[in-house]
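Observations on the model geometry
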Amino acid sequence: MKVKSIALTNFRNYSFSETSFDDGLNIVVGKNAQGKTNLLEAIYFCAIGKSLRAVREKELINWDKPVAKISLEVEKKFGKTRIDITLNRVGKKIVAINRLPIRKIGELMGELNAVFFSPDELKLVKESPEDRRRFMDISISQTSKQYFYLLGRYSKVLANRNKLLKQALSPETIKDTIGLWDEQLSSIGAKLIMYRVAFLKNILPFARLSHEYLTEGTEELNLEYAGITGEDEAEIKTKLLKQLENSLEKDMRLQFTSVGPHRDDIKVWVNGIDIKTYGSQGQQRTVALSLKLAELEIIERQTGEKPILILDDVLSELDEKRKKRLLAFCKKTQTFLSCTDFNYDVPHKTIVVDRGSIV
Ligand SMILES: Nc1ncnc2c1ncn2[C@@H]1O[C@H](COP(=O)(O)OP(=O)(O)OP(=O)(O)O)[C@@H](O)[C@H]1O
Ligand SMILES: [Mg+2]
């Protein structure tokens, strides 16, 4: 799929700007603090229905204005889709597909598939398991609305269980109710784990190839799901249920649920070494990028459409060889790349951003 155009109204530092895009490489260029990341953020917002940066969505609305709007046109194999997102200060978000407002944000999933990479994504390999879970959750949700809904249900049940843990005086007094939550949590949890294990299995060969490509064959990548696994859903469910029961006393002390897929992780090795603990910055960065490029491939395989690639400020993070390899890769897919200057001899469209305006 391709993003054909975008219009921003009162979004971050833009008052009104619109532009069209090329099907290949789009270079978003400008000095610091002009609105490059804001533009990429708006595109990605239309893909996943939220911002990766904003803690509260009203941060996205221009300081002096009540309402922000993003309108974007996507071209797919079978026609065009228009996505409109309106945000107001009381926290209301209206998303419309082809001018029809949707009821659940899940309906937006798959309308625009995008893979986003910024220096922040370095965290993907380096920092907390939460970042790696988010990576799985966002990638899988883009190709499976079912997974997205399951995630939502899981977190509701989890919140209920945690609330009960906080209120409980002794394990005996909550035994029956917690049993109900444990049953649901393990049942949904097993489904989530099945999806995640399958996702990692699918992504692994592509991640290995991308990594081999970016490192010129010097590094071999390996990934594995870190959490409860099993032969089938039923086995995982049984194990999860047992784990929840066993951790009840501990969870009561902690006042939250300390086991389950919301605590799982991905193990990452390069040449047999645990890269989270022992990898160099450059290695961790390259693994993160390999994972993102692999995500692109598997979304394409599963949907039959190439997702768009959004690269915010990543060139400065890579050495010359890796930069050139990455740009060669970008030729194959519609890419939005932001930077402060661009001097490479590859075909591209330049989009200049200056003080909250596309010029
Ligand atoms: N809600 C808002 N209203 C008005 N301006 C905002 C809002 N949110 C952010 N900004 C401003 O938008 C400006 C541009 O931010 P952006 O992150 O897009 O810059 P950038 O071009 O990516 O710069 P850099 O090269 O440093 O990454 C910032 O100066 C920021 O203060
Ligand atoms: Mg930026």
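See the structure printed just above.
This is a predicted model, so every value here is computed, not measured. (Residues numbered from 1 in each chain as written. Chains lettered and ligands numbered in written order. Predicted model: local features only at pLDDT ≥ 70, side-chain atom pairs only at ≥ 80, totals over all residues.)

**Some words on the packing of helix α3 (residues 129-143) against helix α5 (residues 171-214)**
In the contact formed by α3 and α5, the axes pass within 10 Å of each other and the chain directions differ by 90 degrees. Between α3 and α5, the crossing angle belongs to the class labelled roughly perpendicular. Seen from α3, the contacting residues are Met136, Ser139 and Ile140; seen from α5, they are Tyr195, Arg196 and Phe199. Counted by class, the contact of α3 with α5 contains four nonpolar, one polar and one charged residues. (Axes fitted to C-alpha atoms, helices over the stretch in contact; angles between N-to-C directions. Helix = DSSP H or I, 4+ residues; strand = E, 2+ residues; numbered from the N terminus. Parallel < 35°, antiparallel > 145°, perpendicular 65-115°, else oblique. Contact = placed C-beta atoms within 7 Å. Nonpolar A, V, L, I, M, F, W, Y, C, P; charged D, E, K, R; others polar.)

**Let's talk about the sheet that holds strand β12 (residues 308-312)**
Taking strand neighbours across the sheet as the criterion, the five strands line up as β8-β12-β13-β3-β14 in an open arrangement whose pairing is parallel. Two strands lie at the open edges of the sheet, namely β8 (114-117) and β14 (349-352), each paired on one side alone. Taken over all neighbouring pairs, the strand axes of this sheet differ in orientation by 20 degrees on average, direction set aside. Here strand β3 (residues 25-29) pairs with β14 via four bridges, running parallel. Of the residues in β14, the one forming a bridge with valine 29 is valine 352. (Pairing = 2+ DSSP bridges.)

**Section: the environment of valine 95**
With respect to the secondary-structure elements, valine 95 resides in strand β6 (residues 93-97). When the C-alpha atoms of valine 95 and isoleucine 6 are compared, they prove to be 15 Å apart, with 89 residues separating the residues in sequence. Ignoring anything within four residues of it in the chain, the contact list for valine 95 reads Gly49, Ile85, Pro101, Ile102, Ile105 and Leu108.

**Considerations on the pairing of strand β2 (residues 16-20)**
The side chains of a regular strand alternate, first on one face of the sheet and then on the other. The pairing of strand β1 (residues 2-9) with β2 spans five bridges and is antiparallel. For serine 5, the partnering residue across the bridge sits in β2 and is serine 20. If you look at the hairpin formed by β1 and β2, you'll find six residues sitting between the two strands, and asparagine 10 has a positive phi there, around 55 degrees.

**Things to note about helix α1 (residues 36-48)**
Over its 13 residues, α1 runs 19 Å from end to end, which matches the ideal 18 Å to within 8%, given 1.5 Å per residue. Taken across its 13 residues, α1 has 11 buried, putting it largely inside the fold. Where α1 terminates, the next one or two residues include glycine 49, which has phi positive at roughly 75 degrees. (Expected span 1.5 Å × (residues − 1). Buried ≥ 20, exposed ≤ 12 C-beta atoms within 10 Å, placed from the backbone.)

**Quick look at the sheet that holds strand β5 (residues 79-88)**
The antiparallel open sheet is built from six strands, whose spatial order is β2-β1-β4-β5-β6-β7. Only two strands of the sheet have a single neighbouring strand rather than two, namely β2 and β7 (100-101). Sheet topology places β1 next to strand β4 (residues 67-76); seven bridges connect them, and they run antiparallel. Bridging across to β4, alanine 7 finds its partner in serine 71. On top of the sheet, α1 reaches β1, β4 and β5; it is set at about 70 degrees to β4, its chief contact.

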